[in-house]
Amino acid sequence: MAAREAGGVVLGKSADKLFSLSGLFAVYKPKGPTSAGVLNLLKERLLAEAGVQTNGNKRNQVLKMGHGGTLDSAAAGVLVIGIGKGTKMLRTMLAGSKKYTAIGLLGKATDTLDATGKVTEEKPYDQITKGDLENVLQKFTGDIMQVPPLYSALKKDGERLSTLMKRGEAVEAKPARPVRVYSLSLQQFQPPLFTLDVECGGGFYVRSLVSDIGKELSTCATMQELTRTKHGPFTLEEHALYEDKWTIDEIARSLEHCTSLLPGEPSHKKLKTEHPGETAVSCEDK
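The structure contained in this document is the topic of the report that follows.

The rules behind the values
- Residues numbered from 1 in each chain as written.
- Predicted model: local features only at pLDDT ≥ 70, side-chain atom pairs only at ≥ 80, totals over all residues.
- Heavy atoms only, no water.
- Helix = DSSP H or I, 4+ residues; strand = E, 2+ residues; numbered from the N terminus.
- Buried < 20%, exposed > 50% of the residue type's maximum accessible area, 1.4 Å probe, protein only.
- Phe/Tyr/Trp six-rings, centres within 6.5 Å; stacked < 30°, edge-to-face > 60°.
- Expected span 1.5 Å × (residues − 1).
- Arc of directions from axis to C-beta.
- Contact = heavy atoms within 4.5 Å.

1. Structural notes on the overall build of the protein
Alright, step 1. The helix and strand inventory of the protein stands at eight helices and 16 strands.
Alright, step 2. Here the protein holds 286 residues, and the buried ones make up 48% of them.

Printed below as a string of C-alpha cells:
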C-alpha cells in the first residue's frame, strides 16, 4: 500500500491505520480534566503513536475527532468520541438518554452547585427522612422545567456563563427550560449524603436537580460527586476505554465492537460539519 500524506507529512502503516478509523467509541473521563482536555490528550497519544508530528492546534486539521457532550471537570465517566466520519454521527446518534450516579450533600449550598464552589448557605437537615427524599423524587420525574446553573457551558454573547462568573461579571440566570427525566431513584441514604441514579435527556443538569431537591425538602443541597454511567448505547462497564487502552489497535477493536450498537448510518447531507475537537451535541449534562 502506498504511503498516504496528511498535512504534508508522509504516513507509515500505523498512521495509515489511524487515519482510516471512522465511527463512534467511548473513553473514560476521570475527575479533573475538561472533556476537551481529554479529547486533545487522546489525539496527541494517537498521533504520537502514529509518528505524526504536529504543531499546536494544527492537530485539529490532521486528525478529525470530536466528543458527544461535555462532562464537567469534576465529573467522571463515559465520554463518547467520534473519529473520521463518526464526528458527523454525534449529533444524531447521541441526542438520546444518559445515565448518571450522583452523590448529594444535604445542608450546604455552593455557588457552583457542586463541591468545587464556595459555600453560600447552610441549613439543618436532621428532620429529613429517607421517605421524605423518596417522595420528593417523584416531583422531578417526567417532563419538568429546570433552571440551568450560572456556572455552566451555556453561553451569553459567545462566552460561557462560567467564564463570565469567574471574571466577576454580573450574570442573569437563564430562564427555566423543559427537560426530561426518564427515571430517578434513591440508591443510598446516609445523612447528610444521598446517592441517586438518574436517566435523563439532553440539556439536563444533575447539579441543578440536587440543588432543587434540597430546596423542595426545605433545606439545601449540593452535588458532591457525579459519574456518567451511560451515554446513548455506550456504557461505562462495557465500552469505555481507560487511558491505558488509548492505542490505535484498541480503538480499532472498539469501533468494530461498537458498530453493532448503532443503527444504519443516516444521511448527513443536512448536517453541518462540527469543528473537530468541539462538542458536536448540545447537551450540557452535568
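2. A look at unusual backbone geometry
Alright, step 1. Backbone torsion omega between proline 191 and proline 192 reads 10°, so that peptide bond is classified as cis.
Alright, step 2. Following the sequence through the fold, proline 192 ends up in the loop between strand 12 (177-190) and strand 13 (193-200).
Alright, step 3. In this structure, leucine 113 takes a positive phi of about 70° despite not being glycine.
Alright, step 4. Here leucine 113 shows up in the loop between strand 7 (108-110) and strand 8 (119-122).
Alright, step 5. Relative accessible area serves as the criterion here: at 18%, leucine 113 is assigned to the buried category.
Alright, step 6. One non-glycine residue, serine 218, lies in the positive phi region at around 60°.
Alright, step 7. Within the secondary structure, serine 218 is located in the loop between helix 7 (206-216) and strand 14 (221-231).

3. Regarding the packing of aromatic side chains
Alright, step 1. All told, the structure shown has one aromatic pair when counted by the stated rule.
Alright, step 2. Centre to centre, the rings of tyrosine 28 and tyrosine 242 are 4.5 Å apart; their planes meet at 20°, and the pair counts as stacked. Of this pair, tyrosine 28 sits in strand 3 (residues 23-29) while tyrosine 242 sits in the loop between strand 16 (240-241) and helix 8 (248-258); the two residues are 214 residues apart in sequence, bridging distant segments of the chain.
Alright, step 3. The class for tyrosine 28 is partly exposed, based on a relative accessible area of 22%.

4. Points about helix 2 (residues 35-50)
Alright, step 1. The end-to-end C-alpha distance of helix 2 is 23 Å, a good match for the 22 Å that 16 residues give at a rise of 1.5 Å each.
Alright, step 2. Within helix 2, burial applies to Ser35, Val38, Leu39, Leu42, Lys43, Leu46, Leu47 and Ala50. Looking straight down helix 2, one finds its buried side chains confined to an arc of 160°; they lie on one side.
Alright, step 3. Positive phi shows up at glycine 51, right after helix 2, with a value of about 75°.

5. Some words on the side chain of serine 208
Alright, step 1. Within the secondary structure layout, serine 208 lies in helix 7.
Alright, step 2. Discounting chain neighbours no more than four positions away, the residues touching serine 208 are Leu113, Gln146, Val147, Pro148 and Pro149.

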